[in-house]
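Each chain is listed here by its residues.
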Amino acid sequence: MCGIVGYLGNRNAAPVLFEGLKKLEYRGYDSAGIAVMERGAFSVVRRAGRVSELGGAVSLGGKCGIGHTRWATHGAPVERNAHPHCYKRFAVVHNGIIENEHLLREECRARGEAFSSDTDSEVIAHLLEQDYEGDLLGALRKTASRLVGSYAVAVLCLDEPDVIALARRASPLVVGVGEGELFAASDVPAIAAAGVRVYALEEGEFALLRREGASFYAADGSPVRKEPVAYDLEDDVPEKKGYRHFMEKEMAEIPLVLSRSASVGELAALAPSLCGVERVQIVACGTAYHSGLCAKRAFEALARVPTEVTVASEYRYGDPIVPPHTLAIAVSQSGETADTLAAAELARGRGALLLAVTNVRYSSLTALADFSLFTQAGREIAVAATKSFNAQLMLLYRLAEALAEAKGKKIHAGALDFIPRLAEEAARAGGKVRGWVPHFLGARAAFFLGRGADYCAALEGSLKLKEISYLPSEGYAAGELKHGTLALVDRTTPVVAVLTDRALAEKTFNAVHETYARGAKVFLVTTLPEYAERDEVVSSVLLPECDPLFSPVLSVLPLQALAYYVSIARGNDPDKPRNLAKSVTVE
Ligand code: G6P
C-alpha cells in the first residue's frame, strides 16, 4: 500500500509533507520519510516506525519535496528500506509493487550499480538515472515502460529543480492545485483544503508539477486536459472526541450510523435494474467479505436469488463464470482495495451489472461501477473495520429486501427499522465482555462458533480478535468443529458461541458441549434467554431479540468490543495493529 505526498510552493515543504503523511497513515505506518530539494542537493530524513517519528524532518528547508509512509512489501520495515530512495540525481517515493524488480535489479547490478535497500522501489531511481537525457518526463515514461506491476510514484531530479514528476498505474494518485502551490498525494484528504482543486490521474497517466502549474500527459506523452474532481472537505481526518481510541469512538457511533441507512436514496434508483437479476456474485476482502457472507443469506432467504460470495483475490484469478443477468456486488469500505477493484472489473468485463457498496463516494470503485450505494458510516480511521461493517450489513439487508420486492416475493418489511434502537441496547449489554478479558489473556488461541448467520458473525468476531489482539483465533461453523479443529481445544481455550436462531440453537449448543467436555471456557452471545444461564457457560451477553437473518448486525457488537478490550489489555494499539493497513492498494 503505502502513502505518497509531494509539495511545491512557497512554504517550507517538510511540514506540509509531514501533515499530509499523517493523514495517509491509514495506508501503512511501519516507516516514513521525507526528501526536499534545496540548493542543488537532497535533504532526506527517514525513520522506522510511525510518521510521528519524522518530527525532526520538519525543520528541513526547501520548498519542493516528496514524502512517504510505508507498508512493507519488499524488505523489512527498517530505516534503510524507508522511502524516499535516492540514487545519484533522483529521489523517488513509490506506492505499489514492481513485479519484475528482481530482473531489473540484476540488470543494474551487472552495470556495476550498488543498492542501498531491499525494496523493489529503489530500482525505479536506478532506471531513471539510466533513462535520463535531460528530460524528466521522457525519462519517467521510459522507466515506467520497463516496470511490470503497480505504481504511483513521485520523483525529484536534481537537474530539474522545482519540478515533481508523477506516474500512475494501478495505484491511486491525485494532484492538488492551490494558490501558488501544488500538491500530490495517494488520496484526497492529504491535500484537501479550502481553495485546492483536485485532479485525479487515470491509469497510465503522468503529470509534471512546476511553478507555472500542473500538466498532465497520457501514456504516449500527449497533453491531457482534466476537470477537477468533486470532494468533500469534511472528509478530513476526524478527532477522537474524548475517546481513547478511534476504534472505541467508531463502535460508539454504530447505532447512529445504522439509522442513516434508512435514507439510502440510491436504492430507489437501482430498483428497476433489480427485476432482471437472476444471480448475484459478491466480491470483497477482509471484513467486507464477511458482510458479503451475511448478505448472501438474506438475498437467498428473502429474494431466492442464488448468491455466491468469493474473496476478491481468488475471484480475479479464478476464471469465474458470469452467466447473463448477474448482478456483481463489490463491497469495499475504502473503494480502493486492489483485489476488489480487479475482481469487480473482471465481473463487469464478463457482462455483469456492477454495483459498488462503499463508504467513499469518490473512489476508484465508484468510478468503475454501474451503480453505487454509500454506507454513510462516516470516515473510519481505525484499521479494524467496525462501524463500516455494520453499515454494510444494513445496506445489503435493505438491498436484499429491495431485490425480494423486485422479484415479487412477500417480505415482512419494517424489521430493519428497529435495528438502530436494538443496536443501542446491544452495545449496552455488550459492555459485559470487559469481564471476559482475563480468560483471553492466558489463552493460546480462541474459537468463535455459530451456525447460519451466526457463523458469519463468528467469522467477523474472530477476525477482529486476531487482527488487533494478535491472539490466534478461528471462526468456525459449529458443526465442522469436530472434523479437526476440536483437537486444538483444551482447558486454556476460550470459546465464544453466537446463538441467535432458535431453530439452530440446540444444534450449535451440541458443539458448545463438545468443547466444554474438553475443558474449554464457554462464553455466549445470544438473543435466547434460555441459553444465557446454562451451567456450561462462564458468562453470556444477552442481546435484544431480532430476526435471526439480520442478527449479525447486532451480535457482532460485543465481539468487536471484546477484541478491543483484549487488544488494550495486551498493551496493543487497536487503531494501528502491527503489519496491517486500512487500505490495501496492492495485491
Ligand atoms: C484491510 C483492512 C480491513 C478491510 C480490508 C478490505 O485488510 O485492514 O479492515 O476489511 O482491507 O478493505 P475494504 O476497504 O475493501 O473494505
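Preceding this paragraph is the structure being described.
Residues numbered from 1 in each chain as written. Predicted model: local features only at pLDDT ≥ 70, side-chain atom pairs only at ≥ 80, totals over all residues. Heavy atoms only, no water.

Participant: Any details on the state of the cysteines? Residues and values, ideally.
Facilitator: Taken as a whole, this structure holds zero disulfides when the rule is applied. There is no disulfide at Cys64, and the cysteine sulfur nearest it, in Cys157, is 11 Å away. The buried category is assigned to Cys64, whose relative accessible area is 1%. Here Cys294 is not cross-linked by a disulfide; its sulfur's nearest cysteine counterpart is in Cys456, at 4.3 Å. Looking at Cys294, the relative accessible area reads 1%, which means it is buried. (Disulfide = S-S within 2.5 Å. Buried < 20%, exposed > 50% of the residue type's maximum accessible area, 1.4 Å probe, protein only.)

Participant: Help me get a handle on empty space enclosed by the protein, residues and values and all.
Facilitator: Gaps left between atoms are located by rolling a probe of water-molecule size over the structure's atoms. Under the criterion given, the structure shown has one cavity of 30 Å³ or more. The computed volume of the largest cavity comes to approximately 50 Å³. Forming the boundary of the largest cavity are Cys2, Arg70, Trp71, Thr73, His74, His83, His94, Gly96, Thr119, Asp120 and Ser121. Residue composition of the lining of the largest cavity, by class: two nonpolar, seven polar and two charged. (1 Å grid on protein atoms, 1.4 Å probe; cavity = no way out; pocket = protein on both sides within 12 Å on 5 of 7 lines; lining within 4 Å. Points joined across faces, edges and corners; volume = space filled by probe spheres on them. Nonpolar A, V, L, I, M, F, W, Y, C, P; charged D, E, K, R; others polar.)

Participant: Give me the lowdown on the site of the ligand, citing residues and values where you can.
Facilitator: Within the structure, the ligand sits among 13 residues, and Ser332, Gln333, Ser334, Thr337 and Ala581 are positioned closest to it. Note that an oxygen atom of the ligand is positioned 2.7 Å from one of the backbone N or O atoms of Gln333. With respect to the ligand, the side chain of Ser334 contributes an N or O atom lying 2.6 Å from an oxygen atom. For the ligand, the accessible surface in isolation is 390 Å², of which the surrounding protein chains cover 89%. Placement of the ligand is best described as lying within the second largest pocket. Examining the composition of the shell around the ligand, we find that three residues originate from one element, helix 8 (residues 286-303), more than from any other. (Near = heavy atom within 4 Å. Polar contact = N/O pair within 3.5 Å; in protein donor to acceptor, adjacent residues only side chain to side chain. Areas by Shrake-Rupley, 256 points an atom, 1.4 Å probe, with all protein chains shown as cover. Sits in = over half its atoms within 2 Å of the grid points. Helix = DSSP H or I, 4+ residues; strand = E, 2+ residues; numbered from the N terminus.)

Participant: So what's going on with the pairing of strand 16 (residues 307-311)? Residues and values would help.
Facilitator: Here strand 15 (residues 279-284) pairs with strand 16 via five bridges, running parallel. The residue bridging Ala284 from the neighbouring strand is Val311, located in strand 16. With respect to chirality, the unit in which strand 15 leads through helix 8 into the neighbouring parallel strand 16 is right-handed. (Pairing = 2+ DSSP bridges. Right-handed = clockwise from strand over helix to strand, strands pointing away.)

Spatial relationships are all this shows, so hold off on functional conclusions.
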